[in-house]
Amino acid sequence: MTLNIRTESTSPERITLFVEGRLDASNFGQFDSETQQKLAPLLEGGTVVLDLQDLEYISSAGLRSFAKIRKQMRTRNGHTLLLNPQPQVRKVFDIVKAVPVNEIFVTVQELDDYLDQIQRKMMQEDR
């Protein structure tokens, strides 16, 4: 199966990348190139959600690509969150400890609750 990337942006501060297929050594360059273009307009302090519901396989090359996104977002004071990982993909993250557990969500509602909590906390700190 090939790699497909779709995007959805609900606001200037949040973009969701839907990653479908296989992310491995044969296509990580394509993934890196496409994601850089898609993330360019994201504002400082924004959030990238990687929806992995249709990601069937990830290799170490794919993990490096995700690490690049996380690093890029941290330099912008932003966040990278994972949503709906398939069990086999989640296992890879668990084994290599590539992503903190608190950045992986099973449902959109769980993700939205987390983001709501962060925003409320920041609003209280600004007072």
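1. Observations concerning the overall build of the protein
For the protein, the count of helices and strands is four helices and six strands. Counted from the first residue to the last, the protein has its helices and strands arranged as β-β-α-β-β-α-β-α-β-α. A burial count over the protein gives 42% of its 127 residues as buried. Relative to all contacts within the protein whose residues are 6 or more apart in sequence, the contacts with residues 24 or more apart total 66%.

2. Here's the deal with the packing of aromatic side chains
Taken as a whole, this structure holds two aromatic pairs when the rule is applied. Ring centres 5.7 Å apart and planes at 55° place the aromatic pair F31 and F66 in the tilted group. Taken together, the residues F31 in helix α1 (residues 28-39) and F66 in helix α2 (residues 60-75) connect sequence positions 35 residues apart. With a centroid separation of 6.1 Å and an interplanar angle of 15°, the aromatic rings of F66 and F93 are classed as stacked. With F66 in helix α2 and F93 in helix α3 (residues 87-96), the pair connects residues that are 27 residues apart, well separated along the chain. Residues F66 and F93 agree in their burial class; the two are buried. The cationic tip of R6 hangs over the ring face of F18; the distance from NZ or CZ to the ring centre is 4.3 Å. Sitting above the plane of the Y57 ring, R22 keeps its charged end 4.1 Å from the centroid.

3. Re the pattern of salt bridges
One pass over the structure, following the stated rule, counts three salt bridges. With a shortest N-O distance of 3.6 Å, D24 and R22 are connected by a salt bridge. Given a relative accessible area of 13%, D24 falls into the buried group. On the basis of relative accessible area, R22 is assigned to the partly exposed category, the value being 30%.

Basis of the calculations
- Residues numbered from 1 in each chain as written.
- Predicted model: local features only at pLDDT ≥ 70, side-chain atom pairs only at ≥ 80, totals over all residues.
- Heavy atoms only, no water.
- Helix = DSSP H or I, 4+ residues; strand = E, 2+ residues; numbered from the N terminus.
- Buried < 20%, exposed > 50% of the residue type's maximum accessible area, 1.4 Å probe, protein only.
- Contact = heavy atoms within 4.5 Å.
- Phe/Tyr/Trp six-rings, centres within 6.5 Å; stacked < 30°, edge-to-face > 60°.
- Lys NZ or Arg CZ within 6 Å of the ring centre and 35° of its normal.
- Salt bridge = Lys/Arg side-chain N within 4 Å of Asp/Glu carboxyl O.

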